[in-house]
Amino acid sequence: MTEFAIRDATTADIPALHRLIESAYRGEASRAGWTTEADLLDGQRTDPDDLADILADPKQGLLTAWRGDELVGCVLIADRGEGTGYFGMLSIRPTLQGGGLGRRLVEAAHAALADRFAARRVRISVFPQRETLIAWYERLGYRRTGDTLPFPYGNPRFGLPLRDDLHFVVMERPLQ
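Positions within a chain are numbered from 1, following the residues in the order the chain's sequence is written. Under the rules for a predicted model, residues below a pLDDT of 70 receive no local features and side-chain atom pairs below 80 are neither given nor counted, while totals for whole chains, interfaces and linings still include all residues. As a convention, hydrogens and water are excluded, and side-chain values are obtained from all of the structure's heavy atoms.

Asks: Please give an account of the overall build of the chain that cites residues and values.
Replies: The secondary structure listing takes helices from DSSP runs of H or I that are at least 4 residues long and strands from runs of E that are at least 2 residues long, numbered from the N terminus. Along the chain, the regular secondary structure elements total 4 helices and 9 strands. If you list the helices and strands of the chain from N to C, you get β-α-β-α-β-β-β-α-β-α-β-β-β. The C-alpha radius of gyration computed for the chain amounts to 15 Å, which stays within 12% of the reference 16 Å derived for 176 residues, consistent with globular compactness. The principal-axis extent of the C-alpha atoms belonging to the chain is close to 40 × 40 × 30 Å. Partitioning the intrachain contacts of the chain with sequence separation of at least 6 by distance along the chain shows that 66% fall at a separation of at least 24. What sets the accessible areas is the Shrake-Rupley method with a 1.4 Å probe; for residues, cover comes only from the shown protein chains. For the chain, the exposed area adds up to about 8,800 Å²; of that, 50% sits on carbon and sulfur atoms. All tallies of charge rest on Lys and Arg as positive and Asp and Glu as negative; His and the ends of each chain are not included. To locate a charge, the coordinates of NZ of Lys, CZ of Arg, CG of Asp or CD of Glu are taken. The distance from the centre of the 22 positive side-chain charges to the centre of the 25 negative ones in the chain is 5 Å. Values of the radius of gyration come from C-alpha atoms, whereas the globule rule sets the reference at 2.2 Å times the count of residues to the power 0.38. We call two residues contacting when some pair of their heavy atoms lies within 4.5 Å.

Structure (structure tokens):
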């Protein structure tokens with residue numbers, strides 16, 4: 001596998017982060033990978049202000065993966081309290097998906113959540129329509145909790161829904 005350097009994002013990374021995340025989830029470019037949400041949502045996945053808010057919050061952060069000076073992946077990590085961490089916004093350049101970088105970023109997220117926030121378990125939220133992605137997380141040890149979260153309809157900052165049945169299933173796994 002190609003060598004990737006994983007490090008914390010900085011505010012200087014925000015433009016590259018925004019381009020990467022949008023390319024992984026939205027529009028035609030996202031269809032080159034298997035994590036696209038283009039059939040579920042249009043509009044944006046995030047915006048530079050949201051990314052700046054994440055980086056300014058001591059209970060959150062973004063890990064980034066670099067191949068030389070090219071940003072090729074990122075993942076959001078967050079402290080949810082009571083020993084629970086969260087990760088989301090896992091983004092890999094669509095043409096590099098399926099090569100193991102996503103798994104490496106998830107492992108880095110697990111380690112960071114345990115080290116920085118003393119997390120003993122980690123939760124994620126996934127659209128139930130993303131069956132292939134749910135199966136991938138199950139192979140990583142995640143299990144459905146039975147909990148669901150509503151999709152924030154009416155807030156275009158989260159995207160423009162293309163269907164009226166969107167919500168999230170909550171998955172969880174213990175950390176070592």
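Asks: Describe in detail the pairing of strand S6 (residues 121-126), supporting the description with residues and values.
Replies: Burial classes: relative accessible area under 20% of the type maximum marks a residue as buried, over 50% as exposed, and values in between as partly exposed (1.4 Å probe, protein chains only). Here S6 shows a buried face lined by Val-122, Ile-124 and Val-126 and an unburied face lined by Arg-121, Arg-123 and Ser-125. Relative to S6, strand S5 (residues 84-92) runs parallel, the two being bridged by 3 bridges. Across the sheet, the residue bridging to Thr-84 is Arg-121, located in S6. Following the chain from S5 across helix H3 (residues 101-117) to the adjacent parallel S6, one finds a crossover that is right-handed. Here, a strand pair is defined by DSSP locating no fewer than two bridges between the strands. Sheet topology places S6 next to strand S9 (residues 167-174); 6 bridges connect them, and they run antiparallel. Bridge pairing in S9 links Arg-123 to Glu-172. The definition of a right-handed crossover adopted here requires that, viewed with the strands pointing away, the path from the first strand over the helix to the second runs clockwise.

Asks: How would you explain the packing of aromatic side chains if you had to name every residue and give the values?
Replies: In summary, the pairing rule links any two rings of Phe, Tyr or Trp, Trp by its six-membered ring, whose centres are within 6.5 Å, and it sorts them by plane angle into stacked for under 30 degrees, edge-to-face for over 60 and tilted for everything else. If you walk through the whole model with that rule in mind, you get 9 aromatic pairs. Here, a charge over a ring is recorded when the distance from Lys NZ or Arg CZ to the ring centre is within 6 Å and its angle to the ring normal is within 35 degrees. The cationic tip of Arg-45 hangs over the ring face of Tyr-25; the distance from NZ or CZ to the ring centre is 4.5 Å. In this structure, Arg-80 packs its charged tip against the face of Tyr-86, placed 4.5 Å from the ring centre.

Asks: Tell me about the sheet that holds strand S7 (residues 143-150), residues and numbers included.
Replies: With mixed pairing, the 7 strands of this open sheet are ordered in space as S1-S3-S4-S5-S6-S9-S7. With one partner strand each, in any of the chains shown, strand S1 (5-8) and S7 form the two edges of the open sheet. Strand-to-strand twist in this sheet, taken as the mean axis angle between neighbours without regard to direction, amounts to 30°. Only C-alpha atoms enter the line fits that serve as axes; for helices the fit covers just the stretch in contact. Angles between N-to-C directions range over 0 to 180 degrees. Running over the sheet, helix H1 (residues 14-25) touches strand S3 (60-67), strand S4 (70-81) and S5 and is turned about 80° from S5.

Asks: Mind laying out the layout of surface pockets, listing which residues take part and the relevant values?
Replies: Residues are said to line a cavity or pocket when one of their atoms sits within 4 Å of a point; the points come from a 1 Å grid over protein atoms alone, cavities being sets where a 1.4 Å probe fits but cannot get out and pockets being open sets with protein on both sides within 12 Å along at least five of seven lines. Grid points are joined across faces, edges and corners, and a volume is the space filled by probe spheres set on the points. Here the largest pocket defines a volume of roughly 1,100 Å³. Lining the largest pocket we find 49 residues, and of these Arg-45, Tyr-86, Gly-88, Met-89 and Ser-125 sit closest to its centre. Looking at the lining of the largest pocket, the elements with two or more residues in it are helix H2 (48-56), S4, S5, H3, S6, helix H4 (131-139), S7 and S9. Per element, the largest residue contribution to the lining of the largest pocket is 8 residues, and it comes from S5. In the scheme used here, Gly and all other residues not listed as nonpolar or charged are polar, with Ala, Val, Leu, Ile, Met, Phe, Trp, Tyr, Cys and Pro taken as nonpolar and Asp, Glu, Lys and Arg as charged. Per-class residue counts for the lining of the largest pocket are 25 nonpolar, 13 polar and 11 charged.

Asks: How would you summarise the environment of Gly-141 if you had to cite specific residues and measurements?
Replies: Turning to its location among the elements, Gly-141 is positioned in the loop between H4 and S7. For Gly-141, a relative accessible area of 30% gives the class partly exposed. For the pair Gly-141 and Gly-159, spaced 18 residues apart in sequence, the C-alpha separation works out to 29 Å.

Asks: Let's hear about the packing of H1 against H2: which residues, and what values?
Replies: The N-to-C vectors of H1 and H2 enclose an angle of 120°; their axes lie 10 Å apart at closest approach. Comparing the axis directions of H1 and H2 gives the class oblique. The interaxial crossing formed by H1 with H2 has right-handed handedness. Residues Ile-14, Leu-17, His-18 and Ile-21 of H1 pack against Pro-48, Leu-51, Ala-52 and Leu-55 of H2. Any angle between 65 and 115 degrees counts as roughly perpendicular, while under 35 counts as roughly parallel, over 145 as roughly antiparallel, and the rest as oblique. A clockwise turn of the near helix away from the far one marks a right-handed crossing, whereas an anticlockwise turn of less than a right angle marks a left-handed crossing.

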